[in-house]
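Take a look at the letters that make up each chain.
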Amino acid sequence: MTKITMKEIAEFAGVGKSTVSRYFNGGYVKEETRLRIEAICREYHYQPNSVAKTLKARHSYQIGVITPSIDSRTSARVLTALDEQLRLSGYTPLLINTNHNQIRELTSLESFSRMNVEGIILLATQITPEHERIIHKLRLPVIILAQEMAGVVTITLDDYTAGYDIGRKIGTARHRAVCLLGVSENDKAVGRTRKQGILDGLKETGITQVDFLETDFSFAASRQVVRTYLKDHRPDCMICATDNLAMAAFKELHTAGYRIPQDVSLTGFGGYDVCEVLTPSLTTIRFDYEREGRTAAELILEMIAGNPVESVKIGYTFIDGESVIER
């Protein structure tokens, strides 16, 4: 079937091309005209080229959003709040999930730079020199979430202070055989800043010897790491860099016959709702991920409007659950 054009639709409908254009752009057309155009479009299976439309428009009302995952509790909370806030202002997020693939993250930045998005929001797992090179050459407003980068507006969590508070909590509870389940230092926020806060909080209370286990952010891999560690070690506390890691440790400790907190205290970071369902409930840090998403949307729109904005650090709430006991 030959592809029909807007000019031909106008001829078949007996109207001008401007009327057809007004129809596709949501403008007013007479009811009988609208019905004729719809019938022609159905007959010829015509779909307007949305890319061409936005390229001609002064505003595309689209924001590129790059996320490392869409199935994590953290990402879901950030993205939901971000989506709602953008839509309130008439903007639509275009989402790319990189599945923690750094190459895909970099190519996504370049892809969005060639599209007609008005800004880019990057939920970053790490910032490399290649990230910096690409971002600095973009002629678009860019906001980075979760990681810091010089010369770019960022929205970060107060990882150091949160880590410090957890470290002091464990130290003042007189734990001595402490294990930290964390992630690679390639992730500056969680792998370095949060970790350093934990170690400094422990050191403040006299604990300098800490076993460190490195994993990724996944539940399955973290279970395996903990399982292997417990074969030859008997900690009295496990500090986990995220709640997901804490749930992996919880499962392995339970399987190995340890009682929480009588035998091993356990902490996390994140404040997932499911952690309140655990028995005992998890001692953790609750970050305001919804505020992070809303703030990202508000700031990118301010940048698009040409208004000056500053980086933001999001606070937290200490959740004193039942998974830590004094020794």
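This text follows the structure it describes.
Since this is a predicted model, take the numbers as computed values, not measurements.

Caption draft 1: Spotlight on the overall build of the protein chain. Along the backbone of the protein chain there are 12 helices and 12 strands. Scaling as 2.2 N^0.38, a compact globule of 327 residues should have a C-alpha radius of gyration of about 20 Å, whereas the protein chain reaches 26 Å, well beyond that. Within the protein chain, the proportion of its 327 residues that are buried is 48%. Of the contacts formed within the protein chain by residues at least 6 apart in sequence, a portion of 69% connects residues at least 24 apart. Carbon and sulfur atoms provide 49% of the accessible area of the protein chain, an area that totals close to 16,500 Å². Of the side-chain charges in the protein chain, 39 are positive and 41 negative, and the distance between the mean point of each set is 4 Å.

Caption draft 2: Highlighting the sheet that holds strand 6 (residues 178–183). Strand order in this open sheet of four strands is 7-6-8-9, and the pairing throughout is parallel. The two strands at the open ends of the sheet, each matched to only one other strand, are strand 7 (210–215) and strand 9 (265–267). Averaged over all pairs of adjacent strands, the angle between strand axes in this sheet comes to 15°, irrespective of strand direction. Relative to strand 6, helix 9 (residues 188–204) is tilted by about 165°, and along the sheet it contacts strand 6, strand 7 and strand 8 (237–240).

Caption draft 3: Fine view of the nonpolar core. Leu 82, Leu 86, Ile 121, Leu 145, Ile 239 and Phe 269 are the most contacted members of the largest nonpolar core, which totals 37 residues. The element contributing the most residues to this core is helix 12 (residues 289–304), with six residues. Setting aside residues no more than four positions away along its own chain, Ile 121 makes contact with Ile 63, Gly 64, Val 65, Ile 66, Leu 82, Ile 143, Leu 145, Ala 296 and Ile 300. By size, the runner-up hydrophobic cluster in this structure holds 25 residues, among which are Val 226, Tyr 229, Ala 249 and Leu 282.

Caption draft 4: Structural context of the side chain of Asp 159. Looking at the element boundaries, Asp 159 is found in helix 8 (residues 159–172). Note on Asp 159: relative accessible area 4%, which makes it buried. At 2.5 Å, the side chain of Asp 159 and the side chain of Arg 194 are in polar contact. Those residues in contact with Asp 159 that lie beyond four places of it in its chain are Ala 189, Thr 193, Arg 194 and Phe 287.

Caption draft 5: Inspection of the pairing of strand 8 at higher detail. By the alternation rule, side chains of strand 8 split into Cys 237 and Ile 239 and Met 238 and Cys 240, which are all buried. Strand direction decides the pairing type here: strand 6 and strand 8, joined by four bridges, are parallel. Paired with Cys 179 across the strands is Met 238, a residue of strand 8. Two strands pair when backbone bridges link them, and strand 8 and strand 9 are joined in this way by three bridges, in the parallel orientation. Paired with Cys 237 across the bridge in strand 9 is Ser 265. Taking the sense of rotation as the criterion, the β-α-β connection linking strand 8, helix 11 (residues 243–255) and strand 9 turns out right-handed.

Caption draft 6: Up close: helix 11. Taking 1.5 Å of rise per residue, the 13 residues of helix 11 would be expected to cover 18 Å, and the 18 Å separating its terminal C-alpha atoms lies within 8% of that figure. Along helix 11, the residues classified as buried are Asp 243, Asn 244, Leu 245, Ala 246, Met 247, Ala 248, Ala 249, Phe 250, Glu 252 and Leu 253. Where helix 11 begins, the capping side chain belongs to Thr 242, and its oxygen is found 3.3 Å from the backbone nitrogen of Asn 244. Just beyond helix 11, the residue with positive phi is Gly 257, at close to 95°.

Caption draft 7: Seen up close, the packing of aromatic side chains. Taken as a whole and judged by the stated rule, the model has five aromatic pairs. On the basis of an interplanar angle of 25° and a centroid distance of 5.7 Å, the ring pair of Phe 12 and Tyr 44 is categorised as stacked. Placement of Phe 12 in helix 1 (residues 6–13) and of Tyr 44 in helix 3 (residues 31–44) is noted, with a sequence separation of 32 residues between them. Summarising the aromatic geometry, the rings of Tyr 160 and Tyr 164 are spaced 6.5 Å apart at their centres and angled 20° between planes, so their arrangement reads as stacked. Remark: Tyr 164 and Tyr 160 occur in helix 8; sequence separation between them is four residues, near one turn of the helix.

Caption draft 8: Region of interest: the layout of surface pockets. For the largest pocket, the calculated volume is near 960 Å³. The wall of the largest pocket is formed by 41 residues, among which Pro 68, His 100, Thr 125, Asp 187 and Phe 217 lie closest to the centre. Within the residue set of the lining of the largest pocket, elements represented by two or more residues are helix 5 (73–88), helix 6 (102–114), helix 9 and helix 12. With four residues, helix 5 is the largest single contributor of residues to the lining of the largest pocket. Here the residues of the lining of the largest pocket sort into 15 nonpolar, 18 polar and eight charged.

Caption draft 9: Representation of the pattern of salt bridges. Tallying each qualifying case throughout the model produces 15 salt bridges. Note that Arg 34 and Glu 38 form a salt bridge whose closest N and O atoms lie 2.6 Å from each other. With a gap of four residues between them, Arg 34 and Glu 38 both fall in helix 3, about one helical turn apart. The residue Glu 130 makes a salt bridge to Arg 133 at a minimum N-O spacing of 2.6 Å. One end of the pair, Glu 130, and the other, Arg 133, are both in helix 7 (residues 129–137), three residues apart, so they sit about a helical turn from each other. Given a relative accessible area of 40%, Arg 133 falls into the partly exposed group.

Basis of the calculations
Residues numbered from 1 in each chain as written. Predicted model: local features only at pLDDT ≥ 70, side-chain atom pairs only at ≥ 80, totals over all residues. Heavy atoms only, no water. Helix = DSSP H or I, 4+ residues; strand = E, 2+ residues; numbered from the N terminus. Rg over C-alpha atoms; globule rule 2.2 N^0.38 Å. Buried < 20%, exposed > 50% of the residue type's maximum accessible area, 1.4 Å probe, protein only. Contact = heavy atoms within 4.5 Å. Areas by Shrake-Rupley, 256 points an atom, 1.4 Å probe, with all protein chains shown as cover. Lys, Arg positive; Asp, Glu negative; His and termini not counted. Charge placed at Lys NZ, Arg CZ, Asp CG, Glu CD. Pairing = 2+ DSSP bridges. Axes fitted to C-alpha atoms, helices over the stretch in contact; angles between N-to-C directions. Core = buried A, V, L, I, M, F, W, Y, C linked by side-chain atoms within 4.5 Å. Polar contact = N/O pair within 3.5 Å; in protein donor to acceptor, adjacent residues only side chain to side chain. Right-handed = clockwise from strand over helix to strand, strands pointing away. Expected span 1.5 Å × (residues − 1). Phe/Tyr/Trp six-rings, centres within 6.5 Å; stacked < 30°, edge-to-face > 60°. 1 Å grid on protein atoms, 1.4 Å probe; cavity = no way out; pocket = protein on both sides within 12 Å on 5 of 7 lines; lining within 4 Å. Points joined across faces, edges and corners; volume = space filled by probe spheres on them. Nonpolar A, V, L, I, M, F, W, Y, C, P; charged D, E, K, R; others polar. Salt bridge = Lys/Arg side-chain N within 4 Å of Asp/Glu carboxyl O.

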